[in-house]
Amino acid sequence: MNEADSEKMAGILCAAGYRLSGSPEEADVILINTCSIRDKAEQKAFSLAGRFAQLKRRRPGTLLVLTGCVAQKLGAGVLERAPAIDAVVGTGRMAELPELLERVRASGRPEVDTGEAASEEHPAAPVRSSRIKAWTNVMFGCDNHCAYCVVPSVRGRERSRKPVEVLAEVTALGRAGFREVTLLGQNVNSYGRGLVPAADFAGLLRAIDAASGVPRVRFTTSHPKDFSTGLMRAVRDLPSVCEAVHLPLQAGADAVLERMNRGYTLERYRRIIGELRETVPGVAVTTDIIVGFPGERTADFDDTLQALAEFRFDAIFSFRFSPREGTPACTMSGAVPEEESARRLIVLQALQREITEAGNAALIGREVEVLVEGPSRRDPGAWKGRTRTNRIVNFPAGDRPIVAGDFVNVRITGAGFLSLEGRVAAGDLVAARCG
Ligand code: 5AD
Ligand code: SF4
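This text gives an overview of the structure that appears in the document. (Residues numbered from 1 in each chain as written. Chains lettered and ligands numbered in written order. Predicted model: local features only at pLDDT ≥ 70, side-chain atom pairs only at ≥ 80, totals over all residues. Heavy atoms only, no water.)

As a further point, take the nonpolar core. Counting 63 residues, the largest nonpolar core has Val 138, Leu 183, Phe 201, Leu 205, Phe 219, Leu 249 and Phe 313 as its most contacted members. Setting aside its immediate chain neighbours within four residues, Phe 219 contacts Thr 182, Leu 183, Val 188, Phe 201, Leu 205, Leu 231, Val 235, Val 241 and Val 245. (Core = buried A, V, L, I, M, F, W, Y, C linked by side-chain atoms within 4.5 Å. Buried < 20%, exposed > 50% of the residue type's maximum accessible area, 1.4 Å probe, protein only. Contact = heavy atoms within 4.5 Å.)

Secondary-structure assignment places Asp 314 in the loop between helix 12 (298-311) and strand 12 (315-320). At 2.3 Å, the side chain of Asp 314 and the side chain of Arg 391 are in polar contact. Setting aside residues up to four positions removed in sequence, Asp 314 forms contacts with Val 283, Ala 284, Val 285, Thr 286, Gln 352, Thr 356 and Arg 391. (Helix = DSSP H or I, 4+ residues; strand = E, 2+ residues; numbered from the N terminus. Polar contact = N/O pair within 3.5 Å; in protein donor to acceptor, adjacent residues only side chain to side chain.)

Time to look at the packing of helix 11 (residues 266-279) against helix 12. For the pair helix 11 and helix 12, the least separation of the axes is 12 Å and the interaxial angle reads 15°. It follows that helix 11 is roughly parallel to helix 12 by the angle criterion. Once helix 11 is placed against helix 12, the crossing between them reads as right-handed. On helix 12, the residues touching Leu 266, Tyr 269, Arg 270, Ile 273 and Arg 277 of helix 11 are Ala 307, Glu 310 and Phe 311. Residues belonging to the contact of helix 11 with helix 12 are distributed by class as follows: five nonpolar, no polar and three charged. (Axes fitted to C-alpha atoms, helices over the stretch in contact; angles between N-to-C directions. Parallel < 35°, antiparallel > 145°, perpendicular 65-115°, else oblique. Left-handed = near helix turned anticlockwise from the far one by under 90°. Nonpolar A, V, L, I, M, F, W, Y, C, P; charged D, E, K, R; others polar.)

Neighbouring ligand 1 are the residues Ile 37, Arg 38, Tyr 148, Gln 250, Asp 288, Ile 290, Phe 319, Arg 320, Phe 321, Ser 322 and Arg 324. Between an oxygen atom of ligand 1 and a side-chain N or O atom of Gln 250, the distance comes to 2.7 Å. Within the backbone of Ser 322, a nitrogen or oxygen atom sits 2.8 Å from a nitrogen atom of ligand 1. Sorting the residues of the shell around ligand 1 by element identifies strand 11 (284-291) and strand 12 as the ones contributing at least two each. Taken together, the residues of the shell around ligand 1 break down into five nonpolar, two polar and four charged. (Near = heavy atom within 4 Å.)

Structure follows, in structure tokens:
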């Protein structure tokens with residue numbers, strides 16, 4: 001979400017006459033786009049602000065801007081912690097950036113703008129970092145009340161973009177030759193709620209599949225409590241929609257899920273993942289897990305381990321609980337000591353590592369469709385790409401006429417934790433070259 005916002009802000013500034021600079025050292029405006037989901041992300045933002053403050057001393061006139069969720073959450077409080085900041089711009093005020101910068105230049109005083117968004121439709125096209133993959137928001141905000149989460153208070157109420165607007169943007173991306181678009185929302189499954197005329201996410205996917213010309217479509221994030229059979233069928237039936245679903249579980253014990261206010265039990269999650277896997281053969285399922293949520297007993301954590309062993313996710317993102325001011329969990333009793341949540345995280349990640357490695361190893365010998373993203377970072381003589389299930393595959397370039405953006409059939413020859421190795425499948429060099 002933040003990366004998509006950064007690209008939007010770059011687009012807004014470029015439309016106002018700015019250009020991207022090669023490095024912070026030569027920039028007239030430095031923008032720090034921040035995340036406040038966990039304390040660590042917030043700390044990182046402030047330490048970056050400190051680093052750029054030194055740079056500003058060497059180059060007076062450089063404007064330092066803090067945007068994103070930390071800006072939205074702390075407002076003028078940012079200036080107390082980081083006095084070198086010239087402008088604090090909330091998540092709904094990106095369109096106002098050029099004007100705000102002008103005001104700062106004119107007055108020499110910092111500006112803080114964390115007001116409501118007038119509209120989230122920016123006429124300026126984002127400056128996209130890739131020519132192959134793009135993001136687009138289908139909705140903003142979140143109406144859920146997960147007890148640990150700061151998102152609803154900083155990103156506001158859930159609002160969906162109109163299907164015509166999303167479709168127009170994705171179709172433009174298809175025409176521009178993009179091979180993959182990821183549709184973004186905090187809870188894409190509730191897409192369309194409140195729209196007139198009514199719309200739903202499966203319908204949006206159908207429209208995009210039929211008309212956009214984008215060969216691969218992904219979406220994130222799904223909330224288990226809203227995952228419909230219709231959406232599972234859309235993933236199964238629509239050729240462009242990749243068989244990869246991110247379905248955050250968060251915890252394996254019902255008592256913890258309840259205190260988190262997630263709105264489902266482990267049994268309900270089990271039924272959903274079961275139906276998903278039955279409906280969409282070969283679907284990759286990834287998840288998010290929080291360890292050390294207040295009141296999480298050792299037995300509850302064991303339930304989470306048990307759940308990982310049962311569901312065998314393709315990959316997980318796992319975090320230690322981070323108390324966020326203003327959220328219900330922040331004042332809950334039963335804090336888990338830091339060393340204990342750190343220990344739990346290590347145990348959890350070790351178990352998942354085995355599961356992911358075993359899942360990857362099971363692909364050896366199989367042929368998969370890879371979208372080539374560019375040269376492999378580890379080996380410049382090789383290509384790197386991703387399967388439809390979002391696994392990274394490295395394969396030797398050889399003398400094949402391959403370019404980034406190609407679809408190549410690759411036979412998997414080796415597997416590690418984070419990536420797979422392969423060779424272009426014999427007799428089928430380039431499966432499809434689109435556009
Ligand atoms: N502490 C730790 N992890 C959190 N997440 C959200 N809020 C917190 C928090 N306060 C995690 C959840 C969510 C992911 C994006 O970040 O697992 O799914
Ligand atoms: Fe946060 Fe829950 Fe909304 Fe996700 S669904 S953004 S975890 S409140």
